[in-house]
Amino acid sequence: MKTLYQNTKQTGNYMIFLVILMITGIFNGYSQGIVSPGIKSPEKRNQSPYFFVQSEDTETDRLPLKKTSVNVNIAGVIADVVINQVYRNTGENTLEAIYVFPASTRSAVYSMKMKIGEREIVAVIQESEKARRNYEAAKANGQTASLLEQERPNVFMMSVANILPGDVIEVEMKYTELLIPESAIYEFVFPTVVGPRYAGDSDRTNPQKDNWVANPYLKKGKSPNYSFDIEVNISAGLPIQYLSSLSHDVAITYQGKNKARIGLKDPETFQGNKDFILDYRLSGDRIESGLLLYEGEKENFFLAMVQPPKRVLRKEIPPREFIFIVDVSGSMHGFPLDVSKQLMKNLLNDLRPNDRFNVLLFAGCSNLFSNEPVVATEENIVNAIYFINKQSGGGGTELLSAMKKAMTLPQTEGYSRSFVIATDGYIRVEKETFDFMNRNLGEANFFTFGIGSSVNRYLIEGMAHIGRGKPFVVINEKEAKKKAAGFRKYVSTPVLTNIEVSFNGFKAYDIEPLNVPDLLAERPVVLFGKWKGSPTGFIEVKGISGGKKYNKTLKVSSTNSSDKNSAIRYLWARERIRLLDDYQQVSGSGSEIKEKVTALGLEYNLLTKYTSFIALDSEIRNENGQITTIKQPLPLPDGVSNYAIGGIAQKSVMFSRGSSKTKRYNQAIKISGEAMEVEDEMVYAPAVEIRPEYKGGVNELYAFFKKNLVFPESLKKAGIKGVVFVQFIVDKYGNVKEIEVIKRLHPDADREAIRLIKLTNGKWKPGTRDGKAVEMQMIIPVKF
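Residues numbered from 1 in each chain as written. Predicted model: local features only at pLDDT ≥ 70, side-chain atom pairs only at ≥ 80, totals over all residues. Heavy atoms only, no water.

Here we come to the overall build of the protein chain. A count of helical and extended segments in the protein chain gives 16 helices and 44 strands. Partitioning the intrachain contacts of the protein chain with sequence separation of at least 6 by distance along the chain shows that 77% fall at a separation of at least 24. Accessible surface, the protein chain: about 33300 Å² in total, of which carbon and sulfur atoms supply 48%. (Helix = DSSP H or I, 4+ residues; strand = E, 2+ residues; numbered from the N terminus. Contact = heavy atoms within 4.5 Å. Areas by Shrake-Rupley, 256 points an atom, 1.4 Å probe, with all protein chains shown as cover.)

In structure tokens:
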């Protein structure tokens, strides 16, 4: 390709090169006149992630973050998390370090402090714009300062100004969150890295919006220079029955029946590029339900968790229509898309014969399986699986456009419709998506599947919240089958409906949530609130479960107030903010919401979209005022390929129609492996994928089948004819494995079809991706 470009440049025939670029998918942005990130467009630079390139400037430390350590204490149902970040300047220039990092979507960040040597400065909460002005003034004045801002409910930005050469500065933040068990399983998740966010076409109209998105990333497989470690201490009210990490290899030390300490088995190996996930069960599959009380100086708070009934499966389930919306963008390339394919295979095969479905694939544009929903026959399911399996991943993540298209699809009369979305969520238009859903919801439910090791949980959880559905996160192919089975249970029948809460003799107010939605999962009813007077009376929860009445009562006087429950104060305020602002529209009365959220943040000392933590050192340490701003580069999430950055750039490459205008590309463009390098940044082309091929071609394959097929006598006697569809994998050596029938005809025919596929072992030319042999899945029909 490099030679081709050079030849076309010499001949002036740029159109040949353009056609090839269009075929490989790089040319998506041409018609819109978008400039490549390599052309120093300030608008694009402000909007898109890019690859970090180590500068030759030895006087500037471009990697100032040296260590992140996390200490988690779980007491009962409340987790308290302490994050410690260590910044050290090993260069000769004074620095400002900017670091973007994630946390839980429900985290209530209530404290921050900064340590410079032996001096410790406790941060104060201020209105965000005021905090930013004070930070900028301190930076210009030569004072060391740190500023913690919320970019999303699960994305924060730390800025530390005036880190002098040789300085070691520690910044500590604390947050608390509630752990809500599901099917008696408690799960603690600590996100470790923010995945690269796709900047769509609409974002170009506001180049200053969400500047945090323009963050440098390291290439796939490259670890950052900072270390990551985490330790979790669990103190449960009941004996721990089971404990494991789905994401990391951990060392577990039990300190009695109810207590355990969990840490990384190998903390020296960097593991801060995927969510840390810890699951545990308590003895007898019980949960810690009941009431917690806290008496404050001005206000009293309570937290009630009421255990749900067991799910009662209905015998008669009405037919459903499912629209599967599947992300096949660049960030899904490779491992995430393989997980998504396995998930979709499981979801489709779980459909009932009277269900209907359709599949919409999306990246920079969308591709529809059928113009209208089809019946869930074996043939339609097989064709849909093949439709999905052909994808390799490339392009941007135009989720909102796909949602708009899905909403226009015709609906089958008399069917309950559900939209099922599978994506990593690497977009920045979360609220625009929520806004669109609120305006177009109708009668549909939304179920979201987050695919990958470090998904955008804010989007995944928010879409399910607004769509009255359920979020799932699938981190590997093994989990795909388990999550699909869980989804089948959730859509069959809810656990508890028509929920009503009453307070008898207990003076409760400011209850969150005001109306309790139906429970789709086996998880407790959770209520936050305040109370006045004496802690007496009852809290009663009523509902319908399995067609029968359900009733549960908590006696308030049986619970003693405790100072250990002080976190409820933060949790109540965070829940109110979540319901007020996290998932609300970008349109509407934003000023009223801003006022309410700002007041809550300031009163309860919480980080919000409109309130920030700031710590200022009174000493002027950088007298000449010169400072170099460094954005800390992030590792790509585990399993995410370089196409996650390229997917964004694919809509960002422009080649002018006329050869004279193409002179702006006067720098050399060179092709290296799978990457096109423009200046010092990388623009990744989509994968060039070639499917496996039987040696001799498809005609030779079917001639082989015809020659070797032994027609079963049982089929002859019964007069059965038809087709068996067989799915298998061709490995990178041309061997076949994992053979299974996905559309059956007769047990004897199924066995014969499998035997035929086994006979082709070693006779396949393996599939390739970017010129390299890789394993690929195939579906072959065998005719009887």
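Per the counting criterion, the structure on display carries 35 salt bridges. As a salt-bridge pair, Arg-281 and Asp-285 come within 2.9 Å of each other at their nearest N and O atoms. Residue classification places Arg-281 among the partly exposed residues on the basis of a relative accessible area of 22%. We classify Asp-285 as partly exposed; its relative accessible area is 32%. (Salt bridge = Lys/Arg side-chain N within 4 Å of Asp/Glu carboxyl O. Buried < 20%, exposed > 50% of the residue type's maximum accessible area, 1.4 Å probe, protein only.)

Right, let's talk about helix H9 (residues 457–466) for a bit. In terms of burial, H9 is largely enclosed, as eight of its ten residues are buried. What H9 keeps buried is the set Arg-457, Tyr-458, Leu-459, Ile-460, Gly-462, Met-463, Ala-464 and Ile-466. Directly after H9, the chain includes Arg-468, whose backbone phi takes a positive value near 55°.

Our next topic: the sheet that holds strand E27 (residues 497–504). The antiparallel open sheet is built from three strands, whose spatial order is E27-E30-E31. The outermost strands of the open sheet, each flanked by one partner alone, are E27 and strand E31 (548–555). In this sheet, adjacent strand axes meet at a mean angle of 15° when their direction is disregarded. (Pairing = 2+ DSSP bridges. Axes fitted to C-alpha atoms, helices over the stretch in contact; angles between N-to-C directions.)

Cis geometry marks the peptide bond from Glu-512 to Pro-513, where omega comes out at -5°. Tracing the sequence through the fold places Pro-513 in the loop between strand E28 (507–512) and strand E29 (525–532). Positive phi is not limited to glycine here, since Ser-183 has a value of about 50°. For Ser-183, the position within the fold is in the loop between strand E10 (168–178) and strand E11 (185–190). Phi angles above zero are rare outside glycine, and Asp-285 is one such case at about 55°. Of note, Asp-285 is situated in the loop between strand E17 (276–282) and strand E18 (290–295).

For the structure shown, the criterion picks out 31 aromatic pairs. Seen in terms of ring centroids, Phe-447 and Phe-487 are 5.2 Å apart; in terms of plane orientation they differ by 85°. Their pairing is edge-to-face. One end of the pair, Phe-447, is in strand E25 (residues 445–451); the other, Phe-487, is in helix H10 (residues 477–492), and 40 residues separate them in sequence. Judged by its relative accessible area of 2%, Phe-447 is buried. Accessibility expressed as a relative area gives 6% for Phe-487, which makes it buried. Each ring, one from Phe-711 and one from Phe-784, has its centre 6.0 Å from the other, and the planes form 65°; the classification is edge-to-face. Residue Phe-711 is located in the loop between helix H14 (698–708) and helix H15 (713–718), and its partner Phe-784 is located in the segment after strand E44 (776–783); the two are separated by 73 residues in the primary sequence. What makes Phe-784 buried here is its relative accessible area of 9%. (Phe/Tyr/Trp six-rings, centres within 6.5 Å; stacked < 30°, edge-to-face > 60°.)

Here three strands make up an open sheet; going across it, the order is E40-E39-E44 and the pairing antiparallel. Pairing within the sheet leaves two strands with one partner each, and these edge strands are strand E40 (736–743) and E44. Across the sheet, the axes of successive neighbouring strands diverge by a mean angle of 25°, strand direction being ignored. Bridge analysis of strand E39 (residues 723–730) against E40 gives five bridges, and the strand direction is antiparallel. Counterpart to Val-726 in the pairing with E40 is Val-741.

Take the pairing of strand E19 (residues 300–306) next. Across a regular strand the side chains alternate sides, sitting on one face of the sheet and then on the other. With seven of its seven residues buried, E19 lies for the most part within the structure. The alternating pattern of E19 places Asn-300, Phe-302, Ala-304 and Val-306 on one face and Phe-301, Leu-303 and Met-305 on the opposite face, and all of these are buried. Connecting E18 to the next strand, E19, in antiparallel fashion are four residues. Sheet analysis places E19 next to E29, joined by seven bridges and oriented antiparallel. The residue of E29 that forms the bridge with Ala-304 is Leu-527.

Turning next to H14. By the burial criterion, the buried members of H14 are Leu-701, Phe-704 and Phe-705. Relative to the axis of H14, the buried residues are bounded by an arc of 100° and lie together on one face. Exposed positions of H14 whose direction lies more than 90 degrees from the buried face are Asn-699, Lys-706 and Lys-707. As for H14, its buried residues are in contact with strand E38 (693–694), helix H16 (747–759), strand E41 (764–765) and E44. (Arc of directions from axis to C-beta.)

This part covers the side chain of Glu-321. Considering the arrangement of structural elements, one finds Glu-321 in strand E20 (residues 320–327). Within polar-contact distance, the side chain of Glu-321 engages the side chain of Arg-417 at 2.9 Å. Apart from the residues within four sequence positions on either side, Glu-321 is in contact with Arg-356, Pro-373, Pro-410, Gln-411, Thr-412, Tyr-415, Ser-416, Arg-417 and Ser-418. (Polar contact = N/O pair within 3.5 Å; in protein donor to acceptor, adjacent residues only side chain to side chain.)

As a packed pair, helix H5 (residues 335–349) and H10 sit with axes 8 Å apart at the nearest point and diverge in direction by 35°. Here the hand of the crossing between H5 and H10 comes out right-handed. Judged by residue contacts, Asp-338, Val-339, Gln-342, Leu-343, Asn-346 and Leu-347 of H5 engage Glu-477, Ala-480, Lys-481, Ala-484 and Phe-487 from H10. Taken together, the residues that form the contact of H5 with H10 break down as six nonpolar, two polar and three charged. (Left-handed = near helix turned anticlockwise from the far one by under 90°. Nonpolar A, V, L, I, M, F, W, Y, C, P; charged D, E, K, R; others polar.)

Another point: the environment of Lys-706. If you trace the backbone, Lys-706 turns up in helix H14. In this structure Lys-706 comes out as exposed when scored by relative accessible area, which is 75%. The sequence separation of Lys-706 and Leu-756 amounts to 50 residues, and the corresponding C-alpha distance is 10.0 Å.

A separate point is the side chain of Asp-581. Inspection of the secondary structure assignment puts Asp-581 in helix H11 (residues 567–582). In this structure Asp-581 comes out as buried when scored by relative accessible area, which is 6%. Apart from the residues lying within four places of it in its own chain, the contact partners of Asp-581 are Lys-431, Ile-593, Val-597, Lys-609 and Tyr-610.

This part covers the packing of H14 against H16. The relative placement of two packed helices comes down to the angle between their axes together with the axis-to-axis distance. The contact between H14 and H16 brings their axes to 11 Å, and the two run at 125°. The angle between the axes of H14 and H16 places the two elements in the oblique class. The hand of the H14/H16 crossing is right-handed. In this structure, H14 uses Phe-704, Phe-705 and Asn-708 to contact H16, whose residues at the interface are Glu-752, Arg-755, Leu-756, Ile-757 and Leu-759. Of the residues in the contact of H14 with H16, the class split is five nonpolar, one polar and two charged. (Parallel < 35°, antiparallel > 145°, perpendicular 65-115°, else oblique.)

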